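# Secondary and tertiary structure notes
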Amino acid sequence: MKRNAAVLLVLAAAFAAIFWAGWHNFQHRRQIAAQQPMQVQLIPATPGDAGSSANPEATDGMADLRGKPAPDFTLTSLDGQKISLADLKGKAVLVNFWATWCAPCKVEMPWFAEFQQKYGAQGFQVLGLAQDNPSRDEMLKVAARVGTNYPLMLADGNVDKAFGGIDYLPESFYIGRDGKIVEETSGLAGKDEVEANIKKALAAGGQ
Amino acid sequence: MIRLRRLALVVALLAVAAHAQIPEPRGARHKSDVVYLSEAVTVQSGQPSDVELYFRVADALHINSHTPSDAAQIPTTLTLAPAAGMKVEDIHYPSGTRYAFSFAPKEKLSVYTGDFVVKARVTAAHAGSYVLTGMLRYQACDNLLCYPPKTLPITVIVNAR
């Protein structure tokens, strides 16, 4: 009799745990749903830009900009050249956010240089946007150390917001020839994955 | 009776599984990447004493040591403001452990993981209770990505006898 009571007690506790988990799950989803409109408003974008319809829950912590036009920006490279993303339409572009203090960023930068060399003639261009406001000397040091052969420039605080906010580094956006984002990655990706994404960008929006 | 027990077991397993499926909020994984663990410490007044300050780096993360292997990396640095009647003379950091990203095994970093202790040498002029405030500046990464530098405000309560 006592055993039966104990088993029933365990059953009741287990049912209570299931109910609690379900309720917690429901509340969590409701909270995310409630937050989404607010997060979209935080992304400054003009109508029609990628940010205006971003879905901040679509990929791992990144706004899902895939399939959307890449937000345009104009920045000055280390050698003083003004580079606008719009001017690169017709090319596949890799926009890579990095920082001088970011060790994984510097692991993949030589790969980008290698792929710039390999696919540049096919219309591929890498742009490296430094997020940590380093001095020109610091950027030159990194450029020399990792052997970049593509423009490095300072992100101006607006570009990262337009790309959905850069919460950690590295983050990369692969843009097709038509100016639409075809893939995005956060964190260090494998070299093969980087190359596959570049090929995807080169194949997308062909003219 | 046996059936009832089996049913209880199945339901209990279901309960555990249901709990495990609760999704982690995005970005919350490393909300507190470093925490300060110390409580009040007691020192002898009138002589230099080492105060041990305990910190814990969240699982799967590392922060650069005070002497990173690459000058571009942000060192972990503790600053303590002196309090009236208490001098902070020196701060001693532990050595970092060697760490390499799997994609670049040859590039060794000097990092702190798990628990680490920073020692502050202080001298209290008189017996009494002192409150030191300070900041731990650090920059955290996991095995694939890095977070922007942060500062962790800390309060150290030092009781001098």
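This text goes with the structure placed above it.
Here we summarise the structure given alongside this text.

Conventions and cut-offs
Residue indices follow the written sequence of each chain, beginning from 1 at its first position. Chain letters start at A and ligand numbers start at 1, both assigned in the order the entries are written. Local features in a predicted model are, by the rule used here, given only for residues with pLDDT of at least 70; side-chain atom pairs are given and counted only at 80 or more, and totals for whole chains, interfaces and linings are based on all residues. In computing side-chain values, all of the structure's heavy atoms are included and hydrogens and water are not. The way it works is that DSSP assigns letters per residue, a run of H or I at least four long becomes a helix, a run of E at least two long becomes a strand, and they are numbered from the N terminus. In a helix, the anticipated span is given by 1.5 Å times the number of residues less one. With a 1.4 Å probe rolled over the protein chains alone, any residue whose accessible area is under 20% of its type maximum counts as buried; one over 50% counts as exposed, and the rest are partly exposed. The arc refers to the directions leading from the helix axis to the C-beta atoms. Contacts: residue pairs with any heavy atoms within 4.5 Å of one another. Here an angle of 0 to 180 degrees is reported between the N-to-C directions of two axes, which are lines fitted to C-alpha atoms, with helices fitted over the stretch in contact. Our angle categories are set so that under 35 degrees counts as roughly parallel, over 145 as roughly antiparallel, 65 to 115 as roughly perpendicular, and the remainder as oblique. Crossings are classed by handedness, with left-handed meaning an anticlockwise turn of the near helix from the far one by less than a right angle and right-handed meaning a clockwise turn. Side-chain classes are defined by residue name, with Ala, Val, Leu, Ile, Met, Phe, Trp, Tyr, Cys and Pro counting as nonpolar, Asp, Glu, Lys and Arg as charged, and the others, Gly among them, as polar. When two rings of Phe, Tyr or Trp (its six-membered ring) have centres within 6.5 Å they constitute a pair, described as stacked for plane angles under 30 degrees, edge-to-face for angles over 60, and tilted for the intermediate range. DSSP-based pairing: two strands are paired if at least 2 bridges between them are found. Disulfides are defined as pairs of cysteine sulfur atoms found within 2.5 Å of each other.

### Concerning helix α5 (residues 191–203) of chain A
Residue and element names in this part refer to chain A.
- Between its terminal C-alpha atoms α5 stretches 18 Å, which fits the 18 Å expected from 13 residues at 1.5 Å a residue.
- Looking only at α5, the buried set comprises Val194, Glu195, Asn197, Ile198, Ala201 and Leu202. Buried residues in α5, looked at end-on, bunch into an arc of 160°, giving them a common side. Of the residues in α5, the exposed ones pointing more than 90 degrees away from the buried face are Asp192 and Ala203.
- On the buried face of α5, the contacting elements are β3 (92–98), α2 (103–119), β4 (124–130), β6 (171–175) and β7 (181–186).
- Two residues or fewer past α5, Gly205 is found with a positive phi of approximately 60°.

### Structural notes on the packing of α2(A) against helix α3 (residues 136–146) of chain A
Residues and elements named next belong to chain A.
- In the contact formed by α2 and α3, the axes pass within 9 Å of each other and the chain directions differ by 60°. Of the possible angle classes, the one that applies to α2 and α3 is oblique. Along this stretch, α2 crosses α3, giving a crossing that reads as right-handed. Each of Lys106, Met109 and Pro110 in α2 lies in contact with α3, whose residues at this interface are Val142, Arg145 and Val146.
- For the contact of α2 with α3, the residue count by class is four nonpolar, no polar and two charged.

### A word on the side chain of Gln73(B)
- Assignment of secondary structure puts Gln73(B) in the loop between β4 (62–64) and β5 (77–81).
- What Gln73(B) contacts, discounting residues up to four positions off in sequence, is Trp101(A), Ala103(A), Asn64(B), Pro68(B) and Leu109(B).

### Some thoughts on the packing of aromatic side chains
All names here are of chain A.
- A full pass over the atoms with the stated rule returns nine aromatic pairs over all chains.
- With a centroid separation of 6.2 Å and 40° between ring planes, the pair formed by Phe115 and Tyr119 is classed as tilted. Of this pair, Phe115 and Tyr119 both sit in helix α2, separated by four residues, roughly a single helical turn. With respect to class, Phe115 is no different from Tyr119; both count as buried.

### Here's the deal with the environment of Leu154(A)
Residues and elements named next belong to chain A.
- In this structure, Leu154 sits in strand β5 (residues 152–154).
- You can call Leu154 partly exposed: its relative accessible area is 31%.
- If sequence neighbours within four positions are ignored, Leu154 has contacts with Leu75, Thr76, Ala130, Asn133, Pro134 and Met139.

### Things to note about the pairing of β3(A)
All names here are of chain A.
- Among the seven residues in β3, seven count as buried, and that is most of the element.
- Residue alternation in β3 divides its side chains into two sets, Ala92, Leu94, Asn96 and Trp98 and Val93, Val95 and Phe97, and both sets are buried.
- Across seven bridges, the pairing between β3 and β4 is parallel. When the bridges of β4 are listed, Val95 appears paired with Leu127.
- As paired elements, β3 and β6 share five bridges and run antiparallel to each other. By the bridge assignment, Phe97 is partnered in β6 with Glu171.

### What about the side chain of Gln125(A)?
- Its place among the elements puts Gln125(A) in strand β4.
- The contacts of Gln125(A), once residues within four sequence positions are left out, are Leu88(A), Lys91(A), Ala92(A), Val93(A), Leu94(A), Gln116(A), Tyr150(A) and Pro151(A).

### A look at the packing of α2(A) against α5(A)
Residue and element names in this part refer to chain A.
- At a minimum axis separation of 11 Å, α2 and α5 run at an interaxial angle of 35°. Once α2 is placed against α5, the crossing between them reads as right-handed. Of the residues in α5, those in contact with Trp111, Phe112, Glu114, Phe115, Lys118 and Tyr119 of α2 are Lys191, Val194, Glu195, Ile198, Lys199 and Leu202.
- For the contact of α2 with α5, the residue count by class is seven nonpolar, no polar and five charged.

### Comments concerning the sheet that holds β4(B)
All names here are of chain B.
- Spatial strand order, β7-β8-β4-β11: four strands in an open sheet with antiparallel pairing. The two strands at the open ends of the sheet, each matched to only one other strand, are β7 (97–99) and β11 (140–141).
- Sheet topology note: the β4/strand β8 (residues 109–112) ladder contains two bridges and is antiparallel. Within β8, the position partnered with Ile63 by the bridge is Tyr112.

### Let's talk about the state of the cysteines
All names here are of chain B.
- On inspection of all chains with the given rule, the structure shows two disulfides over all chains.
- Residue pairing for Cys141: its cysteine sulfur links by disulfide to Cys146, the two sulfurs lying 2.1 Å apart. Given an S-S torsion of about 95°, the disulfide between Cys141 and Cys146 has right-handed geometry. Each member of the pair, Cys141 as well as Cys146, is classed as buried.

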